[in-house]
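Tertiary structure, described
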Amino acid sequence: MTLILDPDDPAGWREADAPASSGASGSHLTDGLNPQQREAVEYRGPALLIVAGAGSGKTRVLTHRIAHLIETREAWPSQILAITFTNKAAAEMRERVQALLGEGASGMWISTFHSACVRILRREAESLGMSSTFTIYDSADTRTMLKRIIKELDADTMGFTPAGAQAKISKLKNELSDADTYARNANLNDPQEAVFCEIFRQYSRRLRDQHALDFDDLIAETVYLFRAFPKVAALYQRRFRHILVDEYQDTNHAQYALIRELTRPVEREVVDELDAHGILVRGLTDDHGEIPGASLTVVGDSDQSIYAFRGADIRNIVEFERDFPGAKVVLLEQNYRSTQNILSAANAVIQNNFDRKDKKLWTADGDGEKIVGYTGYTAHDEAQFIADEIEALHRAGVAYRDIAVFYRTNAQTRALEEIFVRSALPYRVVGGTKFYERAEIKDAMAYLAAVANPLDELALRRILNTPKRGIGPATETAIAQFAEQNEISFRQAMRSAAELGLGPKVRGAIGGLADVLDQAAAMLVPSQRGLDEGTNEGAAKVSDVLVYLLEASGLIAALRNSRDPQDETRAENVEELVAQTRDFDRENPGATLVDFLTQVSLVAAADELDDASGTVSLMTLHTAKGLEYHAVFLTGLEEGLLPHQMSATEPGGPAEERRLFYVGITRARKRLYLSLAMSRAQFGEVAVAMPSRYLQEIPEHLVDWKQSPGMATSRGGTQPRALNARRPGSGPGGAWGTRDRDLERFSVTRSAATKTEWANKVTANVRDNGDLTLDSGDRIRHADFGEGTVNQVTGEGSKRIAHVAFDRVGAKKLLIKIAPIEKL
DNA sequence: GCAAGTTCATTTTTT
DNA sequence: ATGAACTTGC
């Protein structure tokens with residue numbers, strides 16, 4: 001029996017074969033599963049909720065369920081829509097399903113909410129009166145727009161900020177509200193409200209004029225499309241017979257509504273109409289001539305809901321049974337990831353959250369090692385402990401890629417990075433400063449965006465004077481006004497530069513830019529054959545267009561010829577972008593420029609993770625969701641950081657922070673480290689930090705404190721000290737969280753000294769030992785570690801690493817080029 | 001219109 | 001402490 005796959009049209013599939021009996025062909029898909037997992041794979045019905053505790057094998061269940069549906073011939077791959085949280089998770093799921101089936105399963109839609117919606121919207125753009133090449137604006141783009149709007153409306157005098165307006169608009173869109181709906185219910189007598197309505201309206205209008213959508217629109221517009229055009233909706237309702245949603249606890253109202261629309265039955269009249277248009281419906285209809293709603297499977301864990309700030313509504317999962325009457329619920333509680341000690345800690349912490357269904361993770365694999373705790377004097381001290389422990393793990397055979405360091409805020413990476421660089425520890429920050437957020441990359445991308453969508457005013461204004469070509473703000477405003485008055489686009493107004501009464505130099509510059517963009521656009525037109533066949537044949541590759549734009553616009557030349565030393569790095573970054581477009585062209589033959597722009601817009605932090613890289617991963621607790629590591633370090637476990645200061649005022653804030661901690665704990669397979677600092681620099685000021693309240697929720701016997709908060713404050717002589725501890729002082733034994741003025745003073749001096757010597761590694765110049773040569777046997781002195789003997793030197797050039805046995809603190813690895821050392 | 005100097009806010013998490 | 005944003009002088 002062969003599967004004949006027609007990815008985009010499952011028409012006629014019923015005639016192909018009678019479904020095989022599920023037992024026989026699906027057995028290898030249920031072997032080795034526990035009874036609950038097996039039920040989750042085999043259950044058939046309109047709605048299924050899988051409550052999957054952390055590490056309970058939910059990805060396995062999902063992939064097996066999909067494969068089972070296909071192998072039993074209950075569904076064609078093209079009838080399956082699976083929604084994951086990140087593109088990486090989607091790719092992984094696709095691979096695993098294909099591995100289970102042993103053959104290609106093309107036609108399945110496995111993607112994020114956003115990617116799936118873009119795909120639908122580009123296809124159906126016409127219905128919405130929009131170009132299929134619409135631009136997707138990221139949060140930086142929308143903030144720029146809002147900034148302009150607020151300025152023009154003088155709304156800043158009323159206390160409006162771009163960030164504030166952005167948050168509020170995003171929240172409204174996630175509730176499926178729009179500018180008009182909002183204005184109708186708003187109290188317009190309140191001037192504050194009235195101005196906000198105007199901001200919202202302007203913002204929406206500009207997006208529409210520029211054929212651009214923001215992140216929230218991607219979901220909301222798809223819902224709108226389905227509600228306004230039942231026939232369009234019916235195409236997708238008919239196609240997707242099985243919808244599976246992962247991380248359901250983090251869906252917001254708009255996403256919930258989208259799922260509701262997709263699982264709606266197709267009414268008889270619409271079915272008839274589809275039939276009349278030659279769309280096959282035979283075999284899909286029930287006795288009433290309707291196409292029944294798709295079957296829905298959602299997987300989630302309300303204890304891991306950590307995106308309420310972004311509109312995620314925990315009620316979606318809590319009230320699933322009410323929303324979908326007759327839904328089956330399967331509970332997965334057995335954990336296959338972590339040791340019992342780690343799970344006991346996680347259970348103890350999450351138990352403190354009220355109104356949750358009691359649920360306890362358990363494993364059959366034994367207690368494992370104790371959790372390790374450490375309290376540093378400063379963030380640098382904490383980071384040093386982490387670096388040392390990572391080295392110890394590595395020596396014990398744990399690969400770097402199997403180790404991760406988590407933190408609450410991105411700002412915490414600084415201290416960690418400084419110490420990791422100095423310790424020659426290979427690491428990678430996931431998320432954080434993203435490549436595509438760099439100014440020079442955004443510039444280059446804006447050129448591409450302006451070519452792909454000529455109505456994209458934001459992109460045009462960005463590149464208008466980048467590189468510098470003598471077009472200043474005055475000229476920019478003049479063009480914008482001319483466009484407004486004549487009701488033409490910004491791009492068209494540029495063509496009319498002659499009518500603006502500008503000088504010949506400026507006019508030439510504008511014309512030159514317009515010509516470059518026209519030329520690039522011409523490169524992208526497919527050949528006649530491509531046009532006839534609706535393919536992209538004959539169109540220039542993305543990399544070729546980018547190279548043309550960079551050279552013809554003078555952008556790359558400006559960076560190369562600049563005397564600003566940072567521009568050299570920027571030129572390299574732009575070249576890296578060119579390399580990335582080449583990769584894209586190679587991996588996606590026939591893909592368009594718009595495809596490239598879409599992919600870039602929708603990358604998530606976790607998508608950057610490269611499993612093959614031999615590096616330690618650093619990321620926020622949010623990014624860590626869904627991942628797992630052999631060893632996990634949870635850092636900065638202090639009041640004000642976790643729970644974060646900002647969460648205190650939010651209703652449900654502290655509970656969500658606790659879930660965040662819970663998510664962090666449950667990422668660890670074998671080893672878990674909890675660390676904090678007694679003092680932390682914030683805004684350049686050093687402040688005393690208190691241990692996080694959540695630490696006390698972990699039973700004492702589970703944690704082995706190498707240096708407890710009490711020890712760190714008292715610095716008593718009998719206690720084990722930090723590996724690079726300062727002189728132990730004397731003093732009364734401090735309790736959990738007591739202050740110590742000596743400590744404060746000490747920390748300030750230490751960190752200040754370190755800071756001056758070790759300015760930021762990216763921007764400022766780092767200490768450079770240059771050609772310092774070291775050999776085994778040499779004696780050196782280190783700023784922090786004191787004197788020691790070099791055992792060995794490895795690596796080449798600037799990557800040479802000294803393996804040093806220090807007299808006081810033992811063995812360390814140092815990057816010779818930048819370590820604060822001198823030869824004695 | 002541009003470069004250098006000064007002020008100022010910034011830090012919660014992200015598709 | 002740092003980088004963005006604004007002001008001042010050429």
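Residues numbered from 1 in each chain as written. Chains lettered and ligands numbered in written order. Predicted model: local features only at pLDDT ≥ 70, side-chain atom pairs only at ≥ 80, totals over all residues. Heavy atoms only, no water.

Residue-level pLDDT values for chain A average 80, and 88% of them are 70 or greater. Considering only residues more than four positions removed or in separate chains, one finds that residues 1–24, a stretch of pLDDT under 50, has 42 contacts. Per-residue pLDDT stays below 50 along residues 716–766; that stretch engages in 81 contacts with residues further than four places along the chain or on separate chains. (pLDDT = per-residue confidence, 0-100. Contact = heavy atoms within 4.5 Å.)

With that settled, consider the environment of glycine 788. Here glycine 788 is to be found in strand E19 (residues 786–794). Take glycine 788: its relative accessible area is 0%, and that puts it in the buried class. Considering only alpha carbons, one finds glycine 788 and alanine 805, 17 residues apart in sequence, at a separation of 5.4 Å. Glycine 788 has contacts with Asp778, Arg779, Ile780, Val804, Ala805, Phe806 and Asp807, leaving out every residue within four places of it along the chain. (Helix = DSSP H or I, 4+ residues; strand = E, 2+ residues; numbered from the N terminus. Buried < 20%, exposed > 50% of the residue type's maximum accessible area, 1.4 Å probe, protein only.)

Counted residue by residue, strand E2 (residues 80–84) has five buried out of five residues, so it is predominantly covered. Alternating positions in E2 separate into two faces, Ile80, Ala82 and Thr84 on one and Leu81 and Ile83 on the other, with burial throughout. Alignment of E2 against strand E6 (residues 242–245), held across four bridges, turns out to be parallel. Each residue of the ladder has a partner; that of alanine 82, found in E6, is leucine 244. (Pairing = 2+ DSSP bridges.)

The next subject is the sheet that holds strand E22 (residues 821–823). Ordered in space as E21-E20-E19-E18-E22, the five strands form an open sheet in which the pairing is antiparallel. Edge positions in the sheet fall to strand E21 (810–815) and E22, since each of these pairs with one other strand and no more. Adjacent strand axes in the sheet meet at a mean angle of 40°, parallel and antiparallel pairs treated alike. Bridge analysis of strand E18 (residues 779–782) against E22 gives three bridges, and the strand direction is antiparallel. Residue pairing in the sheet places isoleucine 780 in a bridge with lysine 823 of E22. (Axes fitted to C-alpha atoms, helices over the stretch in contact; angles between N-to-C directions.)

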